[in-house]
Amino acid sequence: RTTTGVFRCLFTMILVLYIAKMGLILSLGLYAQQSLHFSVGKAAALQTTYGVFQAAGQLSIPLLIKPFSKRTTIKGGILCGVVSGLLIAVPHTPDALLFVSEGLLSLSFA
């Protein structure tokens, strides 16, 4: 493979994963309203939780990269995304775990 082909493949993989992540984030509020009987305010708080943790995560990138290698930081981001998906997948998940899941999902960019 050429270098250009590898970069195209990486770009496509990252784009597809990002689209799936955003789909999960945007649909979680609707899922919570329909299945868990969240109020509109509580469902909106899920998006707010994501935004707050996203901002905090962006500000903490230099602090995370300094003591850890880039590889360790990437593994941590992947772990956050996987754990976030697993928390939502468990049947009869307590409501509070959806907020934990949103926080972890926002930190999965590292």
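The coordinates are above.
Residues numbered from 1 in each chain as written. Predicted model: local features only at pLDDT ≥ 70, side-chain atom pairs only at ≥ 80, totals over all residues. Heavy atoms only, no water.

Enquirer: Looking at this structure, how should I read the packing of aromatic side chains?
Expert: We describe a pair of aromatic rings using the distance from one ring centre to the other and the angle between the two ring planes. Per the counting criterion, the structure on display carries 1 aromatic pair. With centroids separated by 6.2 Å and ring planes inclined at 15 degrees, the aromatic side chains of phenylalanine 38 and phenylalanine 99 adopt a geometry described as stacked. One end of the pair, phenylalanine 38, is in the loop between helix H1 (3-35) and helix H2 (40-65); the other, phenylalanine 99, is in helix H4 (residues 95-106), with 61 residues separating them in the sequence. If you follow lysine 42 out to its NZ or CZ, it ends over the ring of phenylalanine 38, 4.6 Å from the centre. (Phe/Tyr/Trp six-rings, centres within 6.5 Å; stacked < 30°, edge-to-face > 60°. Helix = DSSP H or I, 4+ residues; strand = E, 2+ residues; numbered from the N terminus. Lys NZ or Arg CZ within 6 Å of the ring centre and 35° of its normal.)

Enquirer: Is there a simple way to think about the side chain of glutamate 102 in this case?
Expert: Tracing the sequence through the fold places glutamate 102 in helix H4. Classification of glutamate 102 by relative accessible area gives buried; the value is 1%. Residues within four places of glutamate 102 in sequence aside, it is in contact with Ile25, Leu28, Leu46, Thr49 and Tyr50. (Buried < 20%, exposed > 50% of the residue type's maximum accessible area, 1.4 Å probe, protein only. Contact = heavy atoms within 4.5 Å.)

Enquirer: When you look at the nonpolar core in this model, what are you seeing that I'm missing?
Expert: Generally speaking, a soluble globular protein has its nonpolar side chains buried in company with each other. Counting residues in hydrophobic clusters, the biggest one holds 7 residues: Leu28, Ala32, Phe38, Ala43, Leu46, Ile88 and Leu98. Of all the secondary structure elements, the ones that give two or more residues to this core are H1 and H2. Once you skip the residues sitting within four places of it in the chain, alanine 43 turns out to touch Gly29, Gln33 and Phe38. (Core = buried A, V, L, I, M, F, W, Y, C linked by side-chain atoms within 4.5 Å.)

So yeah, pure geometry; function would need other evidence.
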